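# Overview (structure and organization)
Chain by chain, the residues:
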Amino acid sequence: MEELDVEAVVTEIPAVSTGKHMGFAWGPGDILVYETLYKAKGASSSGSSLIHEVRKDEDIYSPILRKLFNESHHIFVGLQTVGEDVPSKNKKPQFVSISKNYRSVIRACMEELQQLAVLTKDAEAATRLGNQVSILLAIELIWNLCEVLFIDAAPAGSLLLHLLDWVRLHKADVDEKTREVLQSESPAEHHNYWDVVVSYVLQGRVEEARQMLVKQANLHPAARGMFKLMDKLLSKMPFYNPRSTQTLTEFDVIWRHWHEEVDRCLQDNSFSSNQHLEFICKILLGDEDSLLECKDLLGTWYHFLVTRLLFCHPTVKPTDLHYYAQSCMTMFLDSRSVSEPLDSILLASFEFDIHQVIKDCSIVLNNWWFVAHLTDLLDHCKLLQSHNLHFGSNLREFLLLEYASGLFTHHSLWQLAVDYFDHCPEFGRVYLELQIERVPLETERKALKVLRVCEERQMSEQVRSICKIMATRALRNNRLGSALSWSIRAKDAAFATLISERFLQDYSTRGTFSDLDLIDNLGPSMLLSNRLTFLGKYREFHRLYGQKHFSKAAKLLLSLMTAKIAPQSFWMTLLTDALPLLEQKEVIFSVDQTYELMFCLEELTFSQVAAAASEKKPRQVSWS
Amino acid sequence: MESVNAKYVSQKVSRTRWRPVSVSSFQQPEIFATGSWDNEDNKVSLWSIGNYGGLGMEDGFEGDPQLLCDIKHDGDVLDLQFLDQERIVTASSTGGVTILRHHPNSQTLSVSHQWERAHRYPCDNAPCTSVVCSSPEIVSVGEDGRIVVFRADQEGVCRVIENADSSTIHAVTYLRTTEVLTVNSIGQLKLWDLRQQGGSPSKILSLSGDRVPLHCVDRHPNQQHVVATGGQDGTLCIWDVREESSPVALMEAHSAEMWEVHFHPTNPDHLFTCSEDGSLLHWETSSHSDMPSLLHEGSRNSGVTSRSAMAPAGGNKSLISAWLSGDSSKSCLKTSHMLPSQTLSVNSLDVLGQCLVCGTDGEAIFVNRQVLV
């Protein structure tokens, strides 16, 4: 047996009494559990009559997260048709923008959840919402990093700039602190002032750092020279500009010059009289110990990583990232702190191990949404091709199928799942065929929508089966018109015959037709089944008779028998109908027609005699 | 085309309706109601797109619709109409018809009256598919083929026409104050005179040829004999109920069921249709141009063709001019898409003044405030 990746999670079923054996059955997205008669030890006894549903994924029932599913579905469908006419090298900006779309949807959901968490009074709900928010935060963090490293695939130089953006986006508390400081009476004397300045420097936001330092400089005119020097160093800090003509090597040279200059200032003890400025100087040099002193301000090891790269290796190459990542993580997280799943996922990203990222995310998250969409996007960027998988089928398709199957269990979101199945070329259709038949059909409108899905994909068997269900239901409720309209849709001749039989039975018992509005207006659908045609024509005969067009009626009646449209069982009725026509004062049937009538009667008699002979029942046939 | 943004509302929207504004005031509508379907707990909600004073009206969409209040609804909301400024009538998939009242002071909705199981089978529920009202009278139709007439102030049912139809009646509309028109799933229009006591229609019209089920119907606001219907195959038909028994004009509008068709209430040269195929079309006819031309606007190519096919036996009626040919002058029919890109089925639309609201199966509502009429 294969090793498990993680320990299995145990879920308590509180309503089941202890010691009892439980029985279970798998559902598409959940498990049904019930109490059996048996106990682990002791005599068996009757159990409760409850069935419990154990659900893994609660998220699809959250109203706010539903928006995530719907909006991302829209983006997904758009992605599948993106730039089919555009050569692949020009597609990258489109993929990046789609990735940003996904992320903005995640952020919007996060904000809404956050607002709701603040407003809600129920403590348990607030915790749950808070958890959802932090999960979404983590998801967005990972997605953003994947976008930077895999989709945008920035080369050395730009890579650091993107990583800086990434870190800045996810460390919002700096701005909050700044606001607090600036709103106080004397910002430069606020207890958080130097924290703010250092945070700015750590994030490479030198302009803002300089502006803050001006305030401090104004307070200490005596030390103006020192502040001016720091300002100069900060303003000269080189940042790589990908749009300029400067090459990476040239940038590297300039950066080293600047780095040496900062080092000289430190060695000269230019900042020795102000410990804060000296500390900042050390940070600018990328001194590890100083950086580690800022653990609280950095907050996370990946911030530490980016900062360290900023001040030590701004021209870092993507392939070298993982060395630094590993060492930074080790340095930052001392042996006491527990490494979280998020950390290993981010580390795997820095190692460009896409599969590990996807695998870890699949394990940690209880919903396939994230991995399915991310993998799909990466697959479109052609980043998953070169990897071999043990289980044969495409990773992207596997995840999409899992996600969509989960959606299908939802009473409403099944419509989204259809589009996902459509874009799984190998197994999507089969999954859809199996799932679509299980959608409950309470109203005709829903049945019509399901039917439309099936018809558009030429799933004729499912069309027939759904129409049959609806037609049977209609028939049971005596809605013959509805039943007929469903059989016409499915082109189900057998059912149409059944319905016609019902009509004819009604007529035989009651002597009149019901639902004349239907039979009178059958139109071309009459041709669907022989019995139906007969019904329509027979009704027409009655109409003609009622309008006193006797010769037309007679001709029609005869043709019904001679053309064998009428079932033999009905011939007696038809012949009986011919009687009043024969008894009319004027001659209606011509000689030939009369002979034909007699022939029909003979045929009927013979078949009846033959049937009687085989049953040994004597029958009398009399002419009236 | 102005950008139209989607507001995601976490429920599939089956009906959207503007609250009526008094005709004398030239205000644009501000409040609309939506009904949901296919949820375990369905809701009727009221939304406002009120003026947020002084903001520039550069584009058609501005400001999210804000939820004012909502109320749980038993069963899918299959139809929804405003009875008057404060009351809403809903048709439910459980067969019930409900009147809801909006209390603007407390901003709540409450059930004012309910007729449960107005539509039913002997041993099952029959969904009530459509409801139409002309205060205080309410007419409802359902899958059981029954037409039921209520009065808003009366407890019980006013009148029932049993077995009005052997198939499902999909929609109903008033033709005159005493006449209603129903469409059913075997492609027939039936006129009912409510003054008469009998249980049969005064007239039946149907398409010659394939009996395509009809899903929606709307009457021309000014010309009471002109009626538009939408069918299961997405065809738009214009009928003259006075004489013809076949439609006057037939147009291939959509590639799937057409769920709603609406004439613009004050500018009836404009017609709007929405469909299962995810598109919402704006039809515009004018009778004052020399050349008949079919223009396509819209940012995407969806293969919509508009042709008018026709000629009923009677006459030489050419392309529609003011929907029915009055004179034989050629006319111009313009069609444009109102939604930016492919969405899931657009289930409902409503248009009033310059504002259009629609709801989709993608759980989104679109509001367009600058419809060109």
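Structural notes, computed from the coordinates. (Residues numbered from 1 in each chain as written. Chains lettered and ligands numbered in written order. Predicted model: local features only at pLDDT ≥ 70, side-chain atom pairs only at ≥ 80, totals over all residues. Heavy atoms only, no water.)

## Notes on the packing of helix α2 (residues 92-119) of chain A against helix α17 (residues 369-380) of chain A
All names here are of chain A. At a closest axis distance of 10 Å, the pairing of α2 and α17 adopts a crossing angle of 170°. As judged from the angle between their axes, α2 and α17 are roughly antiparallel. Counted together, F95, I98, S99, Y102 and I106 of α2 and W369, H373, L377 and H380 of α17 form the full contact between these two elements. By residue class, the composition of the contact of α2 with α17 is six nonpolar, three polar and no charged. (Axes fitted to C-alpha atoms, helices over the stretch in contact; angles between N-to-C directions. Helix = DSSP H or I, 4+ residues; strand = E, 2+ residues; numbered from the N terminus. Parallel < 35°, antiparallel > 145°, perpendicular 65-115°, else oblique. Contact = heavy atoms within 4.5 Å. Nonpolar A, V, L, I, M, F, W, Y, C, P; charged D, E, K, R; others polar.)

## Notes on the packing of aromatic side chains
A complete count under the given rule lists 29 aromatic pairs over all chains for this structure. Ring plane angle 70° and centroid distance 5.5 Å describe the contact between Y240(A) and F251(A), whose orientation is recorded as edge-to-face. Placement of Y240(A) in the loop between α8 (224-235) and α9 (248-267) and of F251(A) in helix α9 is noted, with a sequence separation of 11 residues between them. Residue classification places Y240(A) among the buried residues on the basis of a relative accessible area of 15%. Aromatic pair Y538(A) and F541(A): ring centres 6.1 Å apart, planes at 15°, arrangement stacked. You can see Y538(A) and its partner F541(A) sitting in helix α26 (residues 530-546), three residues apart, about one turn around the helix. When sorted by exposure, Y538(A) lands in the same class as F541(A), which is buried. The rings of Y507(A), F534(A), Y538(A), F541(A), Y545(A), F550(A) and F570(A) are connected pair by pair, giving a single aromatic cluster. The aromatic ring of F332(A) is capped on one face by K295(A), whose charged end is 5.4 Å from the ring centroid. Its guanidinium or amino end placed over the ring of W37(B), K12(B) lies 4.7 Å from that ring's centre, counting from NZ or CZ. (Phe/Tyr/Trp six-rings, centres within 6.5 Å; stacked < 30°, edge-to-face > 60°. Buried < 20%, exposed > 50% of the residue type's maximum accessible area, 1.4 Å probe, protein only. Lys NZ or Arg CZ within 6 Å of the ring centre and 35° of its normal.)

## Section: the sheet that holds strand β1 (residues 20-26) of chain A
Residue and element names in this part refer to chain A. The sheet built from three strands is open, its strands ordered β1-β2-β3 with antiparallel pairing. Across the chains shown, the open sheet's two edge strands, defined by having one partner strand only, are β1 and β3 (51-55). Across this sheet, the average inter-strand angle for adjacent strands is 35°, counted without regard to direction. In the sheet, strand β2 (residues 30-39) pairs with β3 via five bridges, with the strands oriented antiparallel. Across the sheet, D30 pairs through a bridge with R55, a residue of β3. (Pairing = 2+ DSSP bridges.)

## A closer look at helix α13 (residues 301-312) of chain A
Helix length check: α13(A) (12 residues) gives 16 Å between terminal C-alpha atoms against 16 Å at 1.5 Å per residue, within 8%. Judged by how many residues are buried, α13(A) sits mostly within the fold: 11 of 12 residues are covered. (Expected span 1.5 Å × (residues − 1).)

## Some points on the pairing of strand β9 (residues 108-115) of chain B
Residue and element names in this part refer to chain B. Bridge analysis of strand β8 (residues 97-103) against β9 gives seven bridges, and the strand direction is antiparallel. Directly across from L100, in β9, lies its bridge partner V111. Where β8 folds back on β9, the antiparallel hairpin that results is connected by four residues, among which Q107 adopts a positive phi of roughly 55°.

## Let's talk about the packing of helix α15 (residues 341-350) of chain A against helix α16 (residues 354-364) of chain A
Residues and elements named next belong to chain A. Their axes nearest at 8 Å, the elements α15 and α16 cross at an angle of 160°. If you check the angle between α15 and α16, you find them roughly antiparallel. Taken as a pair, α15 and α16 cross one another with a handedness that is left-handed. Between α15 and α16, the residues in contact are P341, S344, I345, A348 and S349 and Q356, V357, D360, C361 and V364, respectively. A per-class count over the contact of α15 with α16 returns six nonpolar, three polar and one charged. (Left-handed = near helix turned anticlockwise from the far one by under 90°.)

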